[in-house]
Amino acid sequence: MAEITAGMVKELREKTDAPMMECKKALSEAGGDMAKAEEILRVKLGSKASKAASRVTAEGIVSIHVEGAHAAMVEVNCETDFVAKNDDFLAFSRDVTKLVCAGGIADVGSLSAVPLSGGTVESVRTALVGKIGENISVRRFIRLAAKGKLFSYIHGGAKIGVLVDLVGGDEQLGRDLAMHIAASKPKSLDASGVDAALIETERRIATEKAAESGKPAEIVAKMVEGTVQKFLKEVTLLGQVFVKAEDGKQTIEQLLKSKGASIASFTLYIVGEGIEKRTDDFAAEVAAQVAAARAA
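Only a predicted model underlies this, so the values are computations on that prediction, with no experimental measurement involved.

### Regarding the overall build of the protein chain
Okay, so step 1: Counting secondary structure elements, the protein chain contains 11 helices and eight strands.
Okay, so step 2: Within the protein chain, buried positions represent 37% of all 296 residues.
Okay, so step 3: Contacts in the protein chain between residues at least 24 apart in sequence constitute 62% of all its contacts with a sequence separation of at least 6.
Okay, so step 4: Total accessible area computed for the protein chain in this model is approximately 16500 Å², and 54% of it derives from carbon and sulfur atoms.

### Describing the sheet that holds strand 1 (residues 59-67)
The strands that make up a sheet pair up through hydrogen bonds in the backbone, lying either parallel or antiparallel.
Okay, so step 1: Spatial ordering of the open sheet is given by 1-2-5, a layout of three strands whose pairing is antiparallel. The sheet is open, and its two borders are formed by strand 1 and strand 5 (137-145), each paired with just one other strand. Between one strand axis and the next, the sheet turns by 10° as a mean value, whatever way the strands run.
Okay, so step 2: Against the sheet, helix 4 (residues 87-102) engages strand 1, strand 2 (70-78) and strand 5, with an angle of about 145° to strand 2.

### Quick notes on unusual backbone geometry
Okay, so step 1: Unusually for a residue other than glycine, A158 sits at a positive phi of about 65°.
Okay, so step 2: Of note, A158 is situated in the loop between strand 6 (149-155) and strand 7 (160-167).
Okay, so step 3: Note on A158: relative accessible area 16%, which makes it buried.
Okay, so step 4: In this structure, K185 takes a positive phi of about 50° despite not being glycine.
Okay, so step 5: With respect to the helices and strands, the residue K185 is situated in the loop between helix 7 (171-184) and helix 8 (196-211).

### Things to note about the pairing of strand 6
Okay, so step 1: Relative to strand 7, strand 6 runs antiparallel, the two sharing seven bridges. Of the residues in strand 7, the one forming a bridge with Y153 is V162.
Okay, so step 2: Linking strand 6 back to strand 7 in an antiparallel pair, the connection comprises four residues, with G156 at a positive phi of about 65°.

### Here's the deal with the nonpolar core
Okay, so step 1: Counting 23 residues, the largest nonpolar core has F89, F92, V96, V100, L111 and I136 as its most contacted members.
Okay, so step 2: Secondary-structure elements contributing two or more residues to this core are strand 2, helix 4, helix 6 (121-132) and strand 5.
Okay, so step 3: Top element by residues in this core is helix 4. It accounts for five residues.
Okay, so step 4: Ignoring any residue separated from it by four or fewer positions in sequence, one finds L111 in contact with V96, V100, I105, V121, V138 and F141.

### Description of the side chain of S188
Okay, so step 1: With respect to the helices, strands and loops of the structure, S188 is situated in the loop between helix 7 and helix 8.
Okay, so step 2: The exposure class assigned to S188 is buried, which follows from its relative accessible area of 6%.
Okay, so step 3: Among the polar contacts listed, one links the side chain of S188 to the backbone oxygen of D190, at a separation of 2.7 Å.
Okay, so step 4: Beyond its immediate chain neighbours, meaning those up to four positions away, S188 contacts G193, V194, V235, T236, L237 and F266.

### Some thoughts on the environment of R203
Okay, so step 1: Looking at the element boundaries, R203 is found in helix 8.
Okay, so step 2: According to the relative accessible area criterion, R203 is partly exposed, its value standing at 28%.
Okay, so step 3: Expressed as a C-alpha distance, the spacing of R203 and V228, which sit 25 residues apart in the sequence, is 6.0 Å.
Okay, so step 4: Those residues in contact with R203 that sit more than four places away from it in its chain are V224, E225 and V228.

Thresholds applied
Residues numbered from 1 in each chain as written. Predicted model: local features only at pLDDT ≥ 70, side-chain atom pairs only at ≥ 80, totals over all residues. Heavy atoms only, no water. Helix = DSSP H or I, 4+ residues; strand = E, 2+ residues; numbered from the N terminus. Buried < 20%, exposed > 50% of the residue type's maximum accessible area, 1.4 Å probe, protein only. Contact = heavy atoms within 4.5 Å. Areas by Shrake-Rupley, 256 points an atom, 1.4 Å probe, with all protein chains shown as cover. Pairing = 2+ DSSP bridges. Axes fitted to C-alpha atoms, helices over the stretch in contact; angles between N-to-C directions. Core = buried A, V, L, I, M, F, W, Y, C linked by side-chain atoms within 4.5 Å. Polar contact = N/O pair within 3.5 Å; in protein donor to acceptor, adjacent residues only side chain to side chain.

Below, the structure is given as structure tokens:
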């Protein structure tokens, strides 16, 4: 068998970007044949990506790219927060966001086939999964064409991302609004955008609580309506109290009116929102491994 030198491992790593130990194993399996080792790695990396595909990706980052009157925001997920800080993962996220901003991509499914770095988004993603050893996925994206001016904000290690399309106003107002949205997390601009099922749930809970008061039906009805309206103010951007309001009372709607401005739209992404995260019992896992070893 041909001797596997450090130089050969280094050369194969530079060609494939695979981990060093994987390169060494592939060279050994290929008997030192560089071309065959490269082929082996491609098969292995593809296999690794396939195995990882079923694993939950609830960590990751929100990436934003603004170029003139257009902006894109993309959520790219991975399995652990450690990988979310990986330079290659971050570079992939930035590249994908720029592609989305350029336009012409209808949805996440069609994004996979878009050319990237000599291959496609999917081939680059698959290679990255093989290199890092974690599942990686592009979960969602949005592309905005501004009606006014676009403002963006990234918060909490890129765990929260905001895009705001502000008509009128100034730079300070745009930045303040983006930060407010990240902090207060409104569900929609106004009541018309709130999910009817969510409102109905709040109304049902309010009705049950009000009924316990023993007050007349007409009073109960007013109590319920008051509770629902309070809820809508809390979850709609225009109804929320501005986080920087000096009097603690000025709403976003009042702030915009004072500046002669309006919000055409906004989008808020929170990494992993709505994804059920796996919780591992480490002690139980170790105990299971010990028991399996004893049984063997």
